[in-house]
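Each chain, written out:
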Amino acid sequence: MLKLGYNNLGDKGASIIASSCSIDGRHHQRLTVLDLGFNDIGDEGCTNLSLHMVAGNHTLRNLYLSGNHIKKKGAMALAGAILHGCSLAKLHLSANDLG
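Trainee: Would you mind going over unusual backbone geometry in detail, with residue names and values included?
Mentor: Despite not being glycine, Phe-38 shows a phi value in the positive range, around 55 degrees. Positionally, Phe-38 belongs in the loop between β4 (33–35) and α2 (43–54). Phi is positive for Ala-95, which is not a glycine, with a value near 60 degrees. Residue position: Ala-95 is located in the segment after β6 (90–92). Judged by its relative accessible area of 55%, Ala-95 falls in the exposed class.

Trainee: Tell me about the packing of helix α1 (residues 10–20) against α2, residues and numbers included.
Mentor: Relative orientation of the contacting elements α1 and α2 amounts to 5 degrees, with a least axis distance of 8 Å. When the axis of α1 is compared with that of α2, the two are roughly parallel. In contact with Asp-11, Ala-14, Ser-15, Ile-17, Ala-18 and Ser-19 of α1, α2 contributes Asp-43, Glu-44, Gly-45, Asn-48, Leu-49, His-52 and Met-53. For the contact of α1 with α2, a count of residues per class yields five nonpolar, five polar and three charged.

Trainee: Kindly report on the pattern of salt bridges, identifying the contributing residues and their values.
Mentor: Within this structure, the stated rule accounts for one salt bridge. For the salt bridge of Lys-3 with Asp-35, the shortest nitrogen-to-oxygen distance reads 4.0 Å. Here Lys-3 is found in strand β1 (residues 2–3), whereas its partner Asp-35 is found in strand β4, with 32 residues between them in sequence. According to the relative accessible area criterion, Lys-3 is exposed, its value standing at 55%. Note on Asp-35: relative accessible area 15%, which makes it buried.

Trainee: Before we move on, could you go through the environment of Ser-19 and cite the residues and values that matter?
Mentor: The topology assignment puts Ser-19 in helix α1. Residue classification places Ser-19 among the partly exposed residues on the basis of a relative accessible area of 39%. The spacing of Ser-19 and Leu-93 is 74 residues in sequence and 21 Å in space, taken between C-alpha atoms. A distance of 3.2 Å separates a polar side-chain atom of Ser-19 from the backbone oxygen of Ile-16.

Trainee: Break down α2 for me, with residues and values.
Mentor: Every buried residue of α2 is accounted for by Gly-45, Cys-46, Leu-49, Ser-50, Met-53 and Val-54. Looking straight down α2, one finds that the buried residues subtend no more than 140 degrees of arc, so they occupy a single side. Along α2, exposed side chains directed more than 90 degrees from the buried face belong to Glu-44 and Leu-51. Looking at the buried side of α2, the elements it contacts are α1, β3 (26–27), β4, β5 (62–64) and α3 (72–84). The positive-phi residue at the C-terminal boundary of α2 is Gly-56, with phi of around 75 degrees.

Rules used in this analysis
Within each chain, residue numbers correspond to sequence positions counted from 1 in written order. Local features are withheld for residues below a pLDDT of 70 in this predicted model, meaning they are given only at 70 or higher, and side-chain atom pairs are given and counted only at 80 or more; totals for whole chains, interfaces and linings count all residues. Note: side-chain values were computed over all heavy atoms of the structure, leaving out hydrogens and water. Starting at the N terminus, helices and strands are each numbered in turn, a helix being any DSSP run of H or I of at least four residues and a strand any DSSP run of E of at least two. Exposure classes here rest on a 1.4 Å probe applied to the protein chains alone. A residue is buried below 20% of its type maximum, exposed above 50%, and partly exposed in between. For helices, the fitted line uses only the C-alpha atoms of the stretch in contact; every axis is such a line through C-alpha atoms, and the angle between N-to-C directions lies from 0 to 180 degrees. For classification purposes, angles smaller than 35 degrees are called roughly parallel, those larger than 145 roughly antiparallel, those between 65 and 115 roughly perpendicular, and all remaining angles oblique. When checking whether two residues touch, look at their non-hydrogen atoms; a contact exists if any pair is within 4.5 Å. Side-chain classes are defined by residue name, with Ala, Val, Leu, Ile, Met, Phe, Trp, Tyr, Cys and Pro counting as nonpolar, Asp, Glu, Lys and Arg as charged, and the others, Gly among them, as polar. Each salt bridge in this description consists of a side-chain nitrogen of Lys or Arg and a carboxyl oxygen of Asp or Glu lying within 4 Å of one another. Pairs of N or O atoms within 3.5 Å make up the polar contacts considered here, provided that, within protein, one atom can donate a hydrogen while the other can accept it, and that residues adjacent in sequence are counted only when both atoms are side-chain atoms. In this description, the arc belongs to the directions extending from the helix axis to the C-beta atoms.

As structure tokens, this is what we get:
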């Protein structure tokens, strides 16, 4: 479990976390919960999380992205990653401007 809510990470911080938790296309084998709520993450950070943390990840079960600045583009990136295949059971996106 990695809980980093309310840390003002922004897109850059989310992108760094996403790339560091997925090395050479292999996802972290024990990370089942990622909480990045209320971190000023926008579409860029959400897209990077989608590509590196969600798509093809069969370990991550819960992803908290509530209270960020994710809009339609970021939501569509998440949808595409989920369609690619993953094991998400819970996805929290409340308090974003998804459109």
